[in-house]
Amino acid sequence: MLSRRQIVISPLAAGLALASQKATAQSAKRTIVDAQVHLWKAESEDWKWIPGTKPQMPEPFTIEKLVPLMDQAGVDRVVIVPPSWPGDRNDYGLEAAQRYPNRFAVMGRIALQNPQSATLLPKWKEQPGMLGVRISLLSDVTMAWLTDGTADWFWPAAEKAGVPVMFLVPGQISMFARIAERHPQLTLIIDHMGMNSSSRTARITAIPAAIDQAIALAKYPNVSVKLSGAPGNSLEPYPFRDMTVYLQRLFDAYGPERCYWGTDMTNSFAKASYRQRVTHFTEELSFLSENDKDWVMGRAILARLRWA
């Protein structure tokens, strides 16, 4: 026979258990999509790297390495961003998408400094597995392309072709306000919260300033943001609590449908396991509801890139 205390507590316990079951069931069916991973193979005669460049890790990060890590971490899909050191080539990423069409797709590189690249954009997404373009402007020379006219051809051409653009331009993303306003149908995605994925230079001032710039772009509906780069920028171990305030500020500005979980894990590989990078968002960020997590962990990036 149940005691009076058990009778009083049982409905509460049952309610908590039911809520827990619902959360577990929701998490179990959640599609998890990593918005950025670099893949590369060993340098060879037919796959040369740009002289003087080096990869983020000493060993190649291949398709064969990534797939088991995804399975172990419960990651369903990955957006492959081809790295810079092999140059403007996308063949290895597209190979991954061809071999695993339900798990990989590519945001490819393009020769931004070459106006003749405009002829590629109308049929860009006809390449099997290709979703859009990722540009990275990391030096004074390449950043100047935003102001000296070099890249002016690209924005209207990408908008007309319906090609989404991810961009890494640390410290200079405020320049994209003009681009977002002039090209309202152009999908623009800020990489790594507007920072390098592992930036430490002038950290105390640089990170808040970068977040401020990213938030300023939230007023444009065609701009969204990857909430990636937290492990590399954190000075703390998992769960990187010194980055929570920045993640929440961006989430509050953009909302769940314009924020994307991503790892860029080869840039901070030793900082956390792949599974920890998942649970950082699904278990450690209290400002995210279960519905928010559904969007941020995969639903939002699939919708924005129209990855069926």
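It should be emphasised that the depicted structure is a prediction, and the values quoted were computed from it without experimental measurement.

### Comments concerning the overall build of the chain
Thinking step 1. Counting its secondary structure elements, the chain contains 11 helices and eight strands.
Thinking step 2. Relative to the globule expectation of 19 Å for 308 residues, the C-alpha radius of gyration of the chain, 21 Å, shows essentially globular dimensions.
Thinking step 3. Along the longest, intermediate and shortest principal axes, the C-alpha atoms of the chain span 80 × 40 × 35 Å.
Thinking step 4. In the chain, which comprises 308 residues, the proportion classed as buried is 52%.
Thinking step 5. Nonlocal contacts in the chain, meaning residues at least 24 apart in sequence, comprise 77% of its contacts between residues at least 6 apart.
Thinking step 6. Of the roughly 14400 Å² of accessible surface on the chain, 54% is carried by carbon and sulfur atoms.
Thinking step 7. Side-chain charges in the chain split into 34 positive and 29 negative, and the spacing between the mean points of these groups amounts to 5 Å.

### Here's the deal with the sheet that holds strand β6 (residues 188–190)
Thinking step 1. Here eight strands make up an open sheet; going across it, the order is β1-β2-β3-β4-β5-β6-β7-β8 and the pairing parallel. Each edge of the open sheet is held by one strand with a lone partner, namely β1 (33–37) and β8 (259–260).
Thinking step 2. With three bridges connecting them, strand β5 (residues 165–168) and β6 associate as parallel partners. Note that in β6 the partner of Val165 across the bridge is Leu188.

### Focus on the packing of helix α7 (residues 203–216) against helix α9 (residues 244–254)
Two measures define how a pair of helices packs: the angle their axes make with one another and the distance between the axes.
Thinking step 1. Following both chains from N to C, one finds α7 and α9 inclined at 10°, their axes separated by 10 Å at the closest point. Judged by the angle between their axes, α7 and α9 are roughly parallel. Only Tyr246, Arg249, Leu250, Ala253 and Tyr254 of α9 make contact with α7, whose side of the interface consists of Ile207, Pro208, Ile211, Asp212, Ala214 and Ile215.
Thinking step 2. Here the contact of α7 with α9 is composed, by residue class, of nine nonpolar, no polar and two charged.

### What about the pattern of salt bridges?
Thinking step 1. Using the criterion set out here, one finds 13 salt bridges in the structure.
Thinking step 2. Note that Arg103 is salt-bridged to Asp71, the shortest N-O span being 2.7 Å. On the criterion of sequence distance, the pair formed by Arg103 in the loop between α3 (91–99) and β3 (104–108) and Asp71 in helix α2 (residues 63–73) is long-range, its members being 32 residues apart.
Thinking step 3. For Arg103, a relative accessible area of 19% translates into the label buried.
Thinking step 4. A relative accessible area of 49% means that Asp71 is categorised as partly exposed.
Thinking step 5. Salt-bridge contacts for Arg89 lead to Asp91; the nearest nitrogen and oxygen are separated by 2.7 Å.
Thinking step 6. When its relative accessible area of 26% is taken as the criterion, Arg89 is described as partly exposed.
Thinking step 7. One continuous salt-bridge network, built from bridges that share partners, spans Arg30, Glu290, Lys293 and Asp294.

### Brief notes about the nonpolar core
Thinking step 1. With 82 residues, the main nonpolar core has Leu66, Phe104, Leu121, Phe154, Trp155, Phe176 and Tyr274 as its most contacted residues.
Thinking step 2. Residues within four places of Phe176 in sequence aside, it is in contact with Ile135, Leu146, Trp155, Phe167, Val169, Leu188 and Leu217.
Thinking step 3. By size, the runner-up hydrophobic cluster in this structure holds 16 residues, among which are Val33, Ala105, Tyr260 and Trp295.

### Overview of the confidence of the model for the chain
Thinking step 1. Considering every residue of the chain, the mean pLDDT works out to 91; 91% of them sit at 70 or more.
Thinking step 2. Low pLDDT (under 50) marks residues 1–26, which in the prediction has six contacts with non-local residues, meaning those over four places away or in another chain.

### Some details on the packing of aromatic side chains
Thinking step 1. Summed over the entire model, instances satisfying the criterion amount to 12 aromatic pairs.
Thinking step 2. For the ring pair Trp40 and Phe61, a centre distance of 6.3 Å and an interplane angle of 40° mean the geometry is tilted. Taken together, the residues Trp40 in the loop between β1 and α2 and Phe61 in the loop between β1 and α2 connect sequence positions 21 residues apart. Across the pair, Phe61 and Trp40 agree in class, each one buried.
Thinking step 3. Pairing Tyr100 with Phe104 gives two aromatic rings, centres 5.8 Å apart and planes at 85°, and the pair type is edge-to-face.

### Quick word on unusual backbone geometry
Thinking step 1. Of note, the amide linkage connecting Tyr238 to Pro239 takes the cis form, showing an omega dihedral of 10°.
Thinking step 2. Here Phe240, not a glycine, exhibits a phi torsion of approximately 55°, which is positive.
Thinking step 3. Residue placement: Phe240 occurs in the loop between α8 (230–233) and α9.
Thinking step 4. Overall, Phe240 belongs to the buried group, its relative accessible area being 0%.
Thinking step 5. Unusually for a residue other than glycine, Arg306 sits at a positive phi of about 55°.

Cut-offs and rules
- Residues numbered from 1 in each chain as written.
- Predicted model: local features only at pLDDT ≥ 70, side-chain atom pairs only at ≥ 80, totals over all residues.
- Heavy atoms only, no water.
- Helix = DSSP H or I, 4+ residues; strand = E, 2+ residues; numbered from the N terminus.
- Rg over C-alpha atoms; globule rule 2.2 N^0.38 Å.
- Buried < 20%, exposed > 50% of the residue type's maximum accessible area, 1.4 Å probe, protein only.
- Contact = heavy atoms within 4.5 Å.
- Areas by Shrake-Rupley, 256 points an atom, 1.4 Å probe, with all protein chains shown as cover.
- Lys, Arg positive; Asp, Glu negative; His and termini not counted.
- Charge placed at Lys NZ, Arg CZ, Asp CG, Glu CD.
- Pairing = 2+ DSSP bridges.
- Axes fitted to C-alpha atoms, helices over the stretch in contact; angles between N-to-C directions.
- Parallel < 35°, antiparallel > 145°, perpendicular 65-115°, else oblique.
- Nonpolar A, V, L, I, M, F, W, Y, C, P; charged D, E, K, R; others polar.
- Salt bridge = Lys/Arg side-chain N within 4 Å of Asp/Glu carboxyl O.
- Core = buried A, V, L, I, M, F, W, Y, C linked by side-chain atoms within 4.5 Å.
- pLDDT = per-residue confidence, 0-100.
- Phe/Tyr/Trp six-rings, centres within 6.5 Å; stacked < 30°, edge-to-face > 60°.

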